[in-house]
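Structural overview for review
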Amino acid sequence: MNPVKLVVYVGSLREKSFNKMLARAMKENAPEGVEVTIGDFSQLPFYNGDLEAAFPAEAKRLKDEIRAADGVAIVTPEYNRSVPGYLKNMIDWTSRPYGDSAWDNKPVILLGASTGNIGTAVAQAHLRQMMVYLAARVVGQPEFYMGQAKSKFSDDGVLTDEETKKHLVEMMSKLAAEIRARA
Ligand SMILES: Cc1cc2nc3c(=O)[nH]c(=O)nc-3n(C[C@H](O)[C@H](O)[C@H](O)COP(=O)(O)O)c2cc1C
C-alpha cells in the first residue's frame, strides 16, 4: 500500500513555538503508513490582488505542494480569538485565483496549541469555516485542542505528554483512514 502523504502547516513563525513543537511531534509519532512533511510558507508575500497577474512563484509552489499531498494538517495558535494573519495570508494565496483553489476536496485536519485554557477552539472554529467555504474535506472527529502547552513539552521541545501523543496518532490515523476509504 502506498504511504499517505501528509503535509503540516504551522501558523506560528516563532522559533520556540509550541505549535512548531506539535508539528515535529506529529512527524516523530506518525503512524505506520503515514509520511509527514512540515511545510514552510514563511517566504510568501502579503496577499495583494495586483500580484495575481504575475502569480508569485512561492504561492504557486505552495499550491502544488497542497495538491500533491494526500492530506493537510493545519497546526495553529489562536490570536485574539481567531487565526493568525500569517496563516490567513497563506490560505488566501492558495485559494487564488478564483476557481483555482488548491483546497478543493482536500482532506484536512485541524490542530492547535495554546498557553491558555481553551486550546485554540475559537481559532479552529474560524479555520473550519474557511475550509468549509473552500470545499476542503475537514475531518470533524476527533478534535484536537491543546491548552496549557507549556506543561506538555520538555525544555528542548519534545512532546512528553503520553495522552497527547496517543491523541495525535489517533488524529493522523483517522485522516489516513478517510483518505484510503475514498481513494
Ligand atoms: C497577539 C496574540 C494574541 C493571542 N491571543 C490568544 C487567544 O485568543 N487565545 C489563546 O488561547 N491564546 C492567545 N495568545 C497566546 C498564545 O496561545 C501563545 O502565545 C502561544 O504560545 C502562541 O503559539 P506559539 O507558541 O505556537 O507561537 C495570544 C498571543 C498573541 C501573541
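In what follows, the accompanying structure is described.

What follows deals with the overall build of the chain. Broken down by element type, the chain carries five helices and six strands. Reading the helices (α) and strands (β) of the chain from amino to carboxyl end gives β-α-β-α-β-α-β-α-β-β-α. Against the compact-globule benchmark of 16 Å for 183 residues, the chain has a radius of gyration of 16 Å, which places it among compact chains. With the C-alpha coordinates of the chain rotated into their principal frame, the extents come out at 50 × 40 × 25 Å. For the chain, buried positions account for 36% of its 183 residues. Long-range contacts, defined here as pairs at least 24 residues apart, represent 79% of the contacts in the chain between residues at least 6 apart.

Close contacts around the ligand come from 15 residues, with Ser17, Asn19, Pro77, Ser114 and Gly116 the closest. Taken together, the residues of the shell around the ligand break down into five nonpolar, seven polar and three charged.

Time to look at the nonpolar core. A general tendency of soluble globular proteins is for nonpolar side chains to be buried together. Leu6, Val8, Leu22, Met26 and Ala73 are the most contacted members of the largest nonpolar core, which totals 48 residues. With near-sequence residues (within four places) excluded, Leu6 lies in contact with Val34, Glu35, Val36, Ala69, Asp70, Gly71, Ala73, Met172 and Leu175.

Attention now goes to the packing of helix α2 (residues 57-68) against helix α3 (residues 85-94). The N-to-C vectors of α2 and α3 enclose an angle of 85°; their axes lie 9 Å apart at closest approach. When the interaxial angle is binned, α2 and α3 end up roughly perpendicular. Facing α2, whose interface residues are Ala59, Leu62, Lys63 and Ile66, α3 presents Met90, Trp93 and Thr94. Here the residues of the contact of α2 with α3 are counted per class, giving five nonpolar, one polar and one charged.

Another aspect to go through is unusual backbone geometry. Cis geometry is adopted by the peptide bond preceding Pro97, which originates at Arg96 and carries an omega value of -10°. Along the chain, Pro97 turns up in the loop between α3 and β4 (107-113). For the bond running from Gln141 to Pro142, omega is 0°, close enough to zero to count as cis. Located in the positive-phi region is Arg81, a residue other than glycine, with phi close to 60°. Of note, Arg81 is situated in the loop between β3 (71-75) and α3. Even without glycine at this site, Ala135 takes up a positive phi of about 65°. Positionally, Ala135 belongs in the loop between α4 (121-133) and β5 (137-138).

For helix α1 (residues 18-28), the buried fraction is high: eight of the eleven residues fall into the buried class. Burial in α1 covers these residues: Phe18, Asn19, Lys20, Met21, Leu22, Ala23, Ala25 and Met26. Buried residues along α1 sit in contact with β1 (4-10), β2 (34-38), β3, β4, β6 (145-146) and α5 (162-182).

A few words on the pairing of β2. With five bridges connecting them, β1 and β2 associate as parallel partners. Across the sheet, the residue bridging to Val8 is Ile38, located in β2. For the crossover that starts at β1, traverses α1 and ends in the parallel β2, the hand is right-handed.

About the thresholds
Residues numbered from 1 in each chain as written. Predicted model: local features only at pLDDT ≥ 70, side-chain atom pairs only at ≥ 80, totals over all residues. Helix = DSSP H or I, 4+ residues; strand = E, 2+ residues; numbered from the N terminus. Rg over C-alpha atoms; globule rule 2.2 N^0.38 Å. Buried ≥ 20, exposed ≤ 12 C-beta atoms within 10 Å, placed from the backbone. Contact = placed C-beta atoms within 7 Å. Near = placed C-beta within 6 Å. Nonpolar A, V, L, I, M, F, W, Y, C, P; charged D, E, K, R; others polar. Core = buried A, V, L, I, M, F, W, Y, C linked by C-beta atoms within 7 Å. Axes fitted to C-alpha atoms, helices over the stretch in contact; angles between N-to-C directions. Parallel < 35°, antiparallel > 145°, perpendicular 65-115°, else oblique. Pairing = 2+ DSSP bridges. Right-handed = clockwise from strand over helix to strand, strands pointing away.

These figures come from the coordinates and say nothing about function on their own.
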